Amino acid sequence: MANNIVILAAGVGSRLGKPHPKSLTPLTSGETILHRALRHLTSRFSRHSIHLVVGFKKEMIMEAVPDVGFMYNQDYGDTNTSKSLLKALNIAGPGGVLWLNGDVVFNEEVLDDLLPYIAMDRSFIAVNTSSVADEEVKYTLDEQGHIKELSKNIESGALGEAVGINFVSSGDRALLAKRLEECEDQDYFERGIELAISKDGMEMEALDISHHPVIEVDFAEDLARANDTF
């Protein structure tokens, strides 16, 4: 089972325009995005295995969910998710790492699709094949069916979107950390994955979870859609 679960929650979330960290955005159900995610994660995993990478207004998050672990990206104002994930990979205990963006809204059933791959220690990117929006992280596959490209800038041939839930195996973790080191400060972690794939031959499966709704909340319309869906 996943030795480490990491939620990336260090960013300012400026596009949503809230005065608090995006993960603390309330849903109409009364829960915040973060509390919902933690409730689902702790239904399948030990709370002791969960760490949050925090930065922007970190005290608000730490007070809201005091009974998980924390890692502090002190450069949150100048760096992006590549450096937050790097910090997590460098600090977390041994084993594979399941990580998700702090703005992802999902149902707990999606985790059941991930568990067999985590148990086999196989790296994956969870994807939705039914949508290819401009603003989202898109992907293509190589001839063996593994992830080839992973970015917002794929011009043609994108097969779907990455939903913001990913796993790096214990064997691939050091490779990914090395390539995240090479990333520019403003790169997303997907750039590190692309580098590890192209330079090291790292294999990541595209795990299709299209039958489960998963919504990443970047804009007000995403939040409205999440409230309608969940």
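Nothing here was measured: the structure is a model prediction, and the numbers come from that model. (Residues numbered from 1 in each chain as written. Predicted model: local features only at pLDDT ≥ 70, side-chain atom pairs only at ≥ 80, totals over all residues. Heavy atoms only, no water.)

Student: Help me understand the packing of aromatic side chains in this model?
Tutor: By convention here, two paired aromatic rings are described through the distance between centres and the angle between planes. This structure, assessed with the given rule, holds four aromatic pairs. Where Phe 56 meets Tyr 76, the ring centres are 6.5 Å apart and the plane angle is 55°; that geometry is what we call tilted. Of this pair, Phe 56 sits in the loop between strand S2 (50–54) and helix H2 (58–64) while Tyr 76 sits in the loop between strand S3 (69–72) and helix H3 (81–91); the two residues are 20 residues apart in sequence, bridging distant segments of the chain. When the centroid spacing of 6.0 Å and the interplanar angle of 70° are considered together, the rings of Tyr 117 and Phe 124 count as edge-to-face. The class for Phe 124 is buried, based on a relative accessible area of 0%. Put simply, the rings of Tyr 117, Phe 124 and Phe 167 touch in pairs and so form one group of aromatic residues. Its guanidinium or amino end placed over the ring of Tyr 72, Lys 58 lies 4.7 Å from that ring's centre, counting from NZ or CZ. (Phe/Tyr/Trp six-rings, centres within 6.5 Å; stacked < 30°, edge-to-face > 60°. Helix = DSSP H or I, 4+ residues; strand = E, 2+ residues; numbered from the N terminus. Buried < 20%, exposed > 50% of the residue type's maximum accessible area, 1.4 Å probe, protein only. Lys NZ or Arg CZ within 6 Å of the ring centre and 35° of its normal.)

Student: Whenever I open this one, a negative patch on the surface confuses me. Can you help?
Tutor: A surface patch of negative charge is lined by Asp 75, Asp 78, Glu 184 and Asp 185. For Asp 185, a relative accessible area of 42% puts it in the partly exposed group. (Patch = residues over 30% accessible without salt bridge, like charges linked within 9 Å, V, L, I, M, F, W, Y side chains within 5 Å. Areas by Shrake-Rupley, 256 points an atom, 1.4 Å probe, with all protein chains shown as cover. Salt bridge = Lys/Arg side-chain N within 4 Å of Asp/Glu carboxyl O. Lys, Arg positive; Asp, Glu negative; His and termini not counted. Charge placed at Lys NZ, Arg CZ, Asp CG, Glu CD.)

Student: Mind showing me how you'd approach the packing of helix H5 (residues 173–182) against helix H6 (residues 189–200) here?
Tutor: Pairs of packed helices are described in terms of their axes, by the angle between the two and the distance that separates them. Between H5 and H6, the shortest axis-to-axis distance is 8 Å and the interhelical angle comes to 115°. Classified by chirality, the crossing of H6 by H5 is right-handed. Judged by residue contacts, Leu 175, Leu 176, Lys 178, Arg 179, Leu 180 and Glu 182 of H5 engage Phe 189, Gly 192, Ile 193, Leu 195, Ala 196, Lys 199 and Asp 200 from H6. Residue composition of the contact of H5 with H6, by class: seven nonpolar, one polar and five charged. (Axes fitted to C-alpha atoms, helices over the stretch in contact; angles between N-to-C directions. Left-handed = near helix turned anticlockwise from the far one by under 90°. Contact = heavy atoms within 4.5 Å. Nonpolar A, V, L, I, M, F, W, Y, C, P; charged D, E, K, R; others polar.)

Student: Just checking my understanding: could you explain the nonpolar core for this structure?
Tutor: The nonpolar side chains of a soluble globular protein tend to be buried with one another. Ranked by size, the top nonpolar core spans 32 residues in total, and within it Leu 41, Leu 52, Leu 98, Phe 106, Leu 114 and Ile 165 carry the most contacts. Contributions of two or more residues to this core are made by strand S1 (4–9), helix H1 (33–41), S2, strand S4 (97–101), strand S5 (104–106), helix H4 (109–119), strand S6 (124–128) and strand S9 (160–168). Contact partners of Leu 41, with chain neighbours within four places excluded, come to Ile 5, Ile 7, Ile 50, Leu 100, Phe 106 and Leu 111. Among the nonpolar cores identified, the runner-up in size contains 31 residues, and Leu 176, Cys 183, Ala 196 and Met 202 belong to it. (Core = buried A, V, L, I, M, F, W, Y, C linked by side-chain atoms within 4.5 Å.)

Student: Would you explain H1 in this entry?
Tutor: For an α-helix, 3.6 residues make a turn, and residues three or four places apart therefore share a direction. Of all the nine residues making up H1, seven are buried; the element is thus mostly covered by neighbouring parts of the structure. Along H1, the positions that sit buried rather than exposed are Ile 33, Leu 34, Arg 36, Ala 37, Leu 38, His 40 and Leu 41.

Student: Looking at this structure, how should I read the packing of H3 against H5?
Tutor: Between H3 and H5, the least distance of the axes is 9 Å, while the angle of their chain directions is 140°. By the criterion of interaxial angle, the relationship of H3 to H5 is oblique. Considering how the two elements wind past one another, H3 and H5 form a crossing that is left-handed. Between H3 and H5, the residues in contact are Ser 82, Lys 83, Leu 85, Leu 86, Ala 88, Leu 89 and Asn 90 and Arg 173, Leu 176, Ala 177, Leu 180 and Glu 181, respectively. Looking at the contact of H3 with H5 residue by residue, the classes come out as seven nonpolar, two polar and three charged. (Parallel < 35°, antiparallel > 145°, perpendicular 65-115°, else oblique.)

Student: Is there a simple way to explain the side chain of Ser 23 in this structure?
Tutor: Its location among the elements puts Ser 23 in the loop between S1 and H1. With near-sequence residues (within four places) excluded, Ser 23 lies in contact with Ala 9, Thr 32, Ile 33, Leu 34, Ile 61 and Gly 102.

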